[in-house]
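This is what each chain is made of:
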Amino acid sequence: MDGSNSKLFSFLEKTIMGPLGKLAQFKIVRAIMGAGMGAIPFTIVGSMFLVFNILPMTFPFLQGIFDSTFFKISELYMLANSTTMGILALYFCIGLGYEYTKIIAEEEELNMAPITGALLSMFAFFMSIPQLVIDNGSVVRLTEMEENIINGWAIGGDGVARLGTVGIFTGIIMAVITVQLYRLCVARHWVIRMPEQVPEGVSRAFTALIPAFLVAFVVLIIVGVLVAFNTDIFQLIAIPFGFVTQLTSSWIGVMVIYFLVHALWLVGIHGANIIFSLITPITLGNMALNAEGAHIPLAGEFNNAFVTVGGSGATLGFCFFLVYMAKSEQLKVLGKAALVPAIFNINEPLIFGVPLIYNPYLALPFFLAPMASASIAYFAIQLEIIRPVIALMPWPSPVGVGAFIGSGGDWKAAVCAVICVVVSFFIYLPFVRSYDKRLLKEEMANIEPAPQS
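The shown structure was predicted, so the numbers you read here are calculated from the model rather than taken from an experiment. Throughout this description, residue numbers start from 1 for each chain and increase along the sequence as written. Selection of residues for local features in this predicted model requires a pLDDT of at least 70, selection of side-chain atom pairs for listing and counting requires 80 or more, and totals for whole chains, interfaces and linings are taken over all residues. Note that water and hydrogens are dropped before the side-chain values are worked out from all heavy atoms of the structure.

1. Section: unusual backbone geometry
Right, on to step 1. Residue Pro355 is bonded to the preceding Val354 through a cis peptide linkage, with omega at -10°.
Right, on to step 2. Inspection of the secondary structure assignment puts Pro355 in the loop between α18 (348-353) and α19 (363-382).
Right, on to step 3. Of note, the phi angle at Asn151 is positive, near 55°, even though the residue is not glycine.
Right, on to step 4. Each helix corresponds to a stretch of at least 4 residues labelled H or I by DSSP, and each strand to a stretch of at least 2 residues labelled E; elements are numbered beginning at the N terminus. The topology assignment puts Asn151 in the loop between β3 (149-150) and β4 (153-156).
Right, on to step 5. Three exposure classes are used, based on accessible area relative to the maximum for each residue type with a 1.4 Å probe and protein chains only: buried under 20%, partly exposed in between, and exposed over 50%. Among the residues examined, Asn151 registers a relative accessible area of 43% and is labelled partly exposed.

2. Remarks on helix α2 (residues 27-53)
Right, on to step 1. When the terminal C-alpha atoms of α2 are compared, their 40 Å separation across 27 residues agrees well with the 39 Å that a helix rising 1.5 Å per residue should span.
Right, on to step 2. Bend is computed residue by residue as the angle between axes fitted to the seven residues ending at the residue and the seven residues starting at it. Roughly 30° is the biggest bend found in α2, and it falls at Ile40, with proline Pro41 one to four residues downstream. Expected span of a helix, by definition, is 1.5 Å for each gap between consecutive residues, and there is one gap fewer than residues.

3. Focus on the sheet that holds strand β5 (residues 159-160)
Right, on to step 1. DSSP bridges decide pairing: two strands pair if at least two such bridges lie between them. Across the sheet, three strands lie side by side as β3-β4-β5; this open sheet has antiparallel pairing. Among the strands making up the open sheet, the edge pair consists of β3 and β5.
Right, on to step 2. Relative to β5, β4 is paired through two bridges, and the arrangement is antiparallel. For Gly156, the partnering residue across the bridge sits in β5 and is Gly159.

4. With respect to a nonpolar patch on the surface
Right, on to step 1. Patch membership needs two things, relative accessible area over 30% and no salt bridge, and members are linked within 9 Å if like-charged or within 5 Å if nonpolar (Val, Leu, Ile, Met, Phe, Trp, Tyr). Every accessible area reported is derived by Shrake-Rupley at a probe size of 1.4 Å, with residue values counting cover from the shown protein chains alone. When a carboxyl oxygen of Asp or Glu lies within 4 Å of a side-chain nitrogen of Lys or Arg, that pair is called a salt bridge. On the surface, a nonpolar cluster with roughly 990 Å² of combined accessible area is contributed by Trp190, Val202, Phe206, Leu209, Ile210, Phe213, Phe217, Ile221, Val225 and Phe229.
Right, on to step 2. Among the elements that take part in the nonpolar patch, helix α11 (residues 209-228) stands out by supplying six residues, more than any other.
Right, on to step 3. As for its position among the elements, Val202 is in helix α10 (residues 200-207).

5. Comments concerning the nonpolar core
Right, on to step 1. If you look at the biggest cluster of nonpolar residues, it comprises 120 residues, and the most contacted ones within it are Phe125, Phe306, Phe318 and Val354.
Right, on to step 2. For every domain, the bounds stem from an assignment made automatically or drawn from a database. Composition of this core by domain shows at least three residues from each of domain 1 (28-236) and domain 2 (250-444).
Right, on to step 3. Those residues in contact with Phe318, other than ones at most four positions away along the chain, are Leu350, Val354, Leu356, Leu362, Phe425, Tyr428 and Val432.
Right, on to step 4. Remark: nonpolar core denotes a set of buried residues (Ala, Val, Leu, Ile, Met, Phe, Trp, Tyr, Cys) joined through side-chain atoms within 4.5 Å. Formed by seven residues, the second largest nonpolar core is a distinct cluster that contains Val51, Ile54, Tyr77 and Ile390. Throughout, a residue-residue contact means that at least one pair of heavy atoms, one from each residue, lies within 4.5 Å.

6. Notes on the packing of α19 against helix α21 (residues 411-446)
Right, on to step 1. For helices, the fitted axis covers only the stretch in contact; all axes are lines through C-alpha atoms, and the angles between them, taken along N-to-C directions, range from 0 to 180 degrees. Here α19 crosses α21 at 155°, and the two axes come no closer than 9 Å. With respect to α21, the element α19 is oriented roughly antiparallel. Pair α19 / α21 crosses with right-handed handedness. Listed contacts from α21 to Leu364, Pro365, Phe366, Leu368, Ala369, Ala372, Ser373, Ile376, Ala377 and Ala380 of α19 are Cys416, Cys420, Val423, Ser424, Ile427, Tyr428 and Phe431.
Right, on to step 2. Its residues placed into classes, the contact of α19 with α21 shows 15 nonpolar, two polar and no charged. With respect to orientation, any angle under 35 degrees is reported as roughly parallel, any angle over 145 as roughly antiparallel, any angle of 65 to 115 as roughly perpendicular, and every other angle as oblique. Crossing handedness is defined as follows: a turn of the near helix away from the far one that is anticlockwise and smaller than a right angle gives a left-handed crossing, while the clockwise case is right-handed. Nonpolar residues are Ala, Val, Leu, Ile, Met, Phe, Trp, Tyr, Cys and Pro. Charged residues are Asp, Glu, Lys and Arg, and all others, Gly as well, are polar.

Quick look at the structure:
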C-alpha cells in the first residue's frame, strides 16, 4: 500500500471508525440494536398480510375473486398487520427495556431482571400517551372529536395512534429513563429484599415495587411539567427527531448514510450493523407512512432490496465477474465459494477473502457502487416511477424478489433492482479487471519453471 492510500485509511480510522466504533459500544446503542432486531419478525409477518391485501392493486384480474372471498374476512386477517405495524412503538419500548436492562445487569453485575425492565418501560410509556390540558386551573384529559381524541387517547385506524410508528422515539426515551431509574434503585439498594425461601417470582415482584413507584413519580412529574407548558413529550421530541427523519430521507442524507456504512467496512468494522441498526426506527416509520400513501425512498428494506444487493458494497455483479471472467485462480476460487451466499445478500467471504477491507485497489468502487444504486432507487421512488417500500421482506431476499414484494408487487421495482445490480457491476468492472491482472501477474511470477530433463 503506497503512502497516499495509507494516509486515506488512517484518516478513515481516525475520523470515522474511532468515533462510530466507540458509539457502537455504548450500552444504549447496543440495546437499541437488539430491540430493532427483536421487532423485525413481527414487522415481516404484518407486512406479508398487507401485501396480500393489496394484491388486486397489482393484479387487477384478482379483484373480483378477492371481493367475493378474502376481502369478506380482511378485517380478521389484517389484525396481524394492525397489531404489528400498528403498535410498533410498543414492541420497541418493551424490547429496549428488556435488552438495556439485560446489558446493564450483565456488565455491571447488578441484580436486575430484564423482564422487570421491560414491564417498567411499558408502564412509563403508557403514562406518557394520554393527552392532557389545563382547563380552569385543573388538569383534564383532552377530548377532540374532530381529531379523534377521546378522553386523552388519540384513536387512529389501528387503535391508539401513539402506539404506532409516531411513538417509537417516545417509547425509546421512556425505556431509557425507566431502566436508568431501575438501575439507580438497585445500585443504591432501594429495593425490598425478601428471604431466600421466597419463590423467585414473588421476590422479583417486591424488588420491582420501589422502582415502579420511582418511575411513576418521575414520569408523572415530566408529564405534569410539559402539560403546564401546554405540550407533551410526543410534541416535544417531534421537532428534533422529525428533523433527523427528514434529513435521513433526503438524497444527501442517504448518500451520507452509505458513505459511513462503507467507510466503516473499509477499516474492518461491520458498518451496516452499526448504521442501519440506529436508523431502523426511522426506516420502519417511513415504511408505515408509505403504506398510508406517502412516497419516502428510505423505508423498510430499501437497502437490501435496491442498494447493497449481494451484500455491503453492492457486490453481486462483482461476484459474477469473479466466477465467470476472472483470470487469477485466487479470485476464481473466491467467486465460486461466495456466489451462493451473495445471491442472498451475504458477502463476508468477499469482504474478508478478496479482501475488500483495507484494499486500496477496490476502495473507490466499494464506495461508488452502493451510492450509485441508492441514487437510482431513491430518484425512481421520489419521482414516482416505482412504488416505495410498504412491506418488510427478509433481508436475504434475492435480487428483484425483495423489491417486488416489498413494494407491494410493483414489477418496475424489480426491474429497478436489476438495473442497480448492472450499474454496480460496470462501476466495479475496470477496477476489478485491473486488480485481477495484478493478482494473475503475481501468480505467474510465483510459478516455478518445470525442471528440464
